[in-house]
Amino acid sequence: MDKKRIDVTRPSMPPFEEYVNEIKSIWERKWLTNFGAIHNELAEKLEGFLDVPNISLFTNGHQAIYSALCLLGKPGGEVITTPFTFASTTHAIAQAGMTPVFCDVDPVTYTLDPSKIEALITEKTVAILPVHVYGNVCDTEAISAVAKKYGLPVIYDAAHAFGVKKNGKGIGNFGDVSLYSFHATKAYNSIEGGAAAYGDKELSAGFKRFINFGLVDGENVENTGTNAKMNEFSAAMGLCNLRHIGEVLEGRKRVCTIYKKILFECDPLFDEKTGVEPSLGIKMLPLQDNVESNYAYFPVLFGINENCKVTRDQVKDMLATENIHARRYFYPLTSEFDCYRGAKGAGETPVAESISRKVLSLPLYAELASEDAVMIAELIKAFLK
Ligand SMILES: Cc1ncc(COP(=O)(O)O)c(C=O)c1O
């Protein structure tokens, strides 16, 4: 018999009837997009759940990053960012007419290393774009300090950080603006979707215009814009999924706890603060002080010391023979894409490079059965030994 297929992720979906019930009113209103009633309800509910003062909704996270750069950056300017991210982050900079400048990351959290930002700042720098990668929180204080010194806006890619809190505050409260992704593969989804969270209420009108072709009203346009409005069907999925977010995050936590227990906690030398398990030569995400996690990903670095006798790719291939599909997320670095070869900082981020050569994200979703998670972790453990 064929082995059951287990993918790296699977979207969370509400009960079918719940979604159908949610979209019924769309037929009565005949209002499909352009800031409809469900869109507005979702925006309001998300402000509460994410604990942020203002939210604008988008078709997807990429458009949210792009729009924020267009509003807060400057064409022709340089944006300091991490290469250890998804294509979207770097592409958004380029599409907004700016140049990415690649800065290395911290070896423990894999987020932008604030101590390396200053050396990259020039008179052309217009923004800093860090990523709360895997929901790991950036060193927001240190990044704010550099940004403040040079008068630069901080635009956080929070695509991975839905529901994450730091010091009891929603992660979207840090920096000038934070962009979330509600893509089907994320911890929370609206099929496709995204949001910008920000403190400055003035930005609200700017985003609203920008994502609707720059229209001030039916006939007047002062600035360019795009089309990035969330439609009612996506918003309805978002509303339904928000009702179930508690169970979803619990399910993810359950799987992460199993992986952690089997692969990491057996070793008394396992260090929660760094995520390092020295006996097997592997590393998981660190436990961050005062951070409420969303258990969005379970990336493992293979080969952090000589005790690990197998490569990341060998682990990936071994799992694939069992029909388990882990993902090299992120590999390669975006600075290694053909379109960014030769960019400033490309090839000069050794920490990010080393992480991307070692990292494998294990299957993780709320419905992953505990026995499957145990099986995956045991397979890896046996392979490492
Ligand atoms: C780090 C990061 N940034 C941006 C995005 C773009 O989000 P979306 O797919 O919603 O456009 C994603 C995910 O897809 C991501 O992982």
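Conventions adopted
- Residues numbered from 1 in each chain as written.
- Predicted model: local features only at pLDDT ≥ 70, side-chain atom pairs only at ≥ 80, totals over all residues.
- Heavy atoms only, no water.
- Near = heavy atom within 4 Å.
- Polar contact = N/O pair within 3.5 Å; in protein donor to acceptor, adjacent residues only side chain to side chain.
- Areas by Shrake-Rupley, 256 points an atom, 1.4 Å probe, with all protein chains shown as cover.
- Domains from an automatic or database assignment.
- Contact = heavy atoms within 4.5 Å.
- Buried area = accessible area lost by both parts, 1.4 Å probe.
- Salt bridge = Lys/Arg side-chain N within 4 Å of Asp/Glu carboxyl O.
- Helix = DSSP H or I, 4+ residues; strand = E, 2+ residues; numbered from the N terminus.
- Nonpolar A, V, L, I, M, F, W, Y, C, P; charged D, E, K, R; others polar.
- Pairing = 2+ DSSP bridges.
- Axes fitted to C-alpha atoms, helices over the stretch in contact; angles between N-to-C directions.
- Buried < 20%, exposed > 50% of the residue type's maximum accessible area, 1.4 Å probe, protein only.
- Arc of directions from axis to C-beta.
- Phe/Tyr/Trp six-rings, centres within 6.5 Å; stacked < 30°, edge-to-face > 60°.
- Lys NZ or Arg CZ within 6 Å of the ring centre and 35° of its normal.
- Expected span 1.5 Å × (residues − 1).

Caption draft 1: Structural view of the site of the ligand. Inspection of the region around the ligand gives 16 residues, with Gly61, His62, Asp157, Ser181 and Lys186 positioned closest. Gly61 places a main-chain nitrogen or oxygen 2.8 Å from an oxygen atom of the ligand. In the environment of the ligand, a nitrogen atom lies 2.7 Å from a nitrogen or oxygen atom belonging to the side chain of Asp157. Alone, the ligand offers 380 Å² of accessible surface; in the complex the protein occludes 92% of this.

Caption draft 2: Here's a closer look at the domain arrangement of the protein. Under the domain assignment, the protein is made up of domain 1 (16-243) and domain 2 (245-326 + 362-384). For domain 1 versus domain 2, the distance between C-alpha centres works out to 28 Å. Every contact between the two is made by 24 residues of domain 1 and, on the other side, 20 residues of domain 2. Regarding the contact of domain 1 and domain 2, the summed buried area is about 1800 Å², with carbon and sulfur atoms giving 54% of it. Its largest share of buried area at the contact with domain 2, domain 1 owes to Tyr110, Tyr134 and Ala187, together 32% of the area lost on that side. Counting every contact that joins domain 1 to domain 2 gives zero salt bridges. Our count for the contact surface shared by domain 1 and domain 2 stands at nine residue pairs in polar contact (both at pLDDT 80 or more). Secondary structure elements with two or more residues in the side of domain 1 that touches domain 2: β6 (165-166) and α7 (232-243). Looking at which element gives the most residues to the side of domain 1 that touches domain 2, the answer is α7, with three residues. Within the side of domain 1 that touches domain 2, the residues separate by chemical class into 12 nonpolar, eight polar and four charged.

Caption draft 3: Just unusual backbone geometry, in detail. Between Tyr329 and the following residue, Phe330, the backbone shows a cis peptide bond with an omega angle of 15°. Structurally, Phe330 is set in the loop between α9 (312-321) and α10 (350-358). Going from Tyr331 to Pro332, the amide bond is cis rather than trans, its omega being -5°. With respect to the helices and strands, the residue Pro332 is situated in the loop between α9 and α10. Even without being a glycine, Asn34 presents a positive backbone phi close to 60°. In the Ramachandran plot, Tyr295 falls in the positive-phi region, its phi being about 50° despite a non-glycine side chain. With respect to the helices and strands, Tyr295 occurs in the loop between β12 (291-292) and β13 (299-302).

Caption draft 4: A look at the sheet that holds strand β2 (residues 78-81). Read across the sheet, three strands follow the order β3-β2-β4 without closing on themselves; strand pairing throughout is parallel. The sheet terminates laterally at β3 (99-102) and β4 (125-129), the two strands that pair on one side only. Taken pair by pair, the neighbouring strands of this sheet meet at an average axis angle of 30°, ignoring direction. With four bridges joining them, β2 and β4 adopt parallel strand pairing. Residue pairing in the sheet places Glu78 in a bridge with Thr125 of β4. Sheet contacts for helix α4 (residues 87-95): β2, β3 and β4; angle to β3, the most-contacted strand, approximately 135°.

Caption draft 5: Up close: α9. Among the residues making up α9, those that are buried are Arg312, Val315, Met318 and Leu319. Looking down the long axis of α9, one finds its buried residues gathered within 125° of arc, a one-sided arrangement. The secondary structure elements touched by the buried residues of α9 are β13, α10, β14 (359-361) and α11 (370-384). Looking one or two places after α9, you find Asn323, whose phi comes out positive at around 65°.

Caption draft 6: Highlighting the packing of aromatic side chains. Under the definition given, this model contains 21 aromatic pairs. Taking the centre distance of 5.4 Å and the plane angle of 90° together, the rings of Phe84 and Phe330 count as edge-to-face. With Phe84 in the loop between β2 and α4 and Phe330 in the loop between α9 and α10, this pair connects stretches of sequence that are 246 residues apart. Assessed through its relative accessible area of 0%, Phe84 is described here as buried. When the ring of Phe162 is compared with that of Tyr180, the centres are 6.3 Å apart and the planes differ by 75°; the resulting orientation is edge-to-face. With a gap of 18 residues between them, Phe162 in the loop between β5 (155-157) and β6 and Tyr180 in strand β8 (residues 177-181) connect regions that are remote in the sequence. By relative accessible area, Phe162 is classed as buried at 3%. Feature note: the residues Phe84, Tyr110, Tyr134, Tyr297, Tyr329 and Phe330 constitute an aromatic cluster, connected by ring pairs. Here Lys166 stacks its cationic end above the ring of Phe174, 5.7 Å away from the centre of that ring. Lying across the ring of Tyr331, Arg312 places its NZ or CZ 4.8 Å from the centre.

Caption draft 7: Main features of helix α8 (residues 245-263). Between its first and last C-alpha, α8 extends 27 Å over 19 residues, near the 27 Å set by a 1.5 Å rise per residue. Close packing links the buried residues of α8 with α2 (37-50), α7, β10 (276-277), β11 (282-283) and α11.

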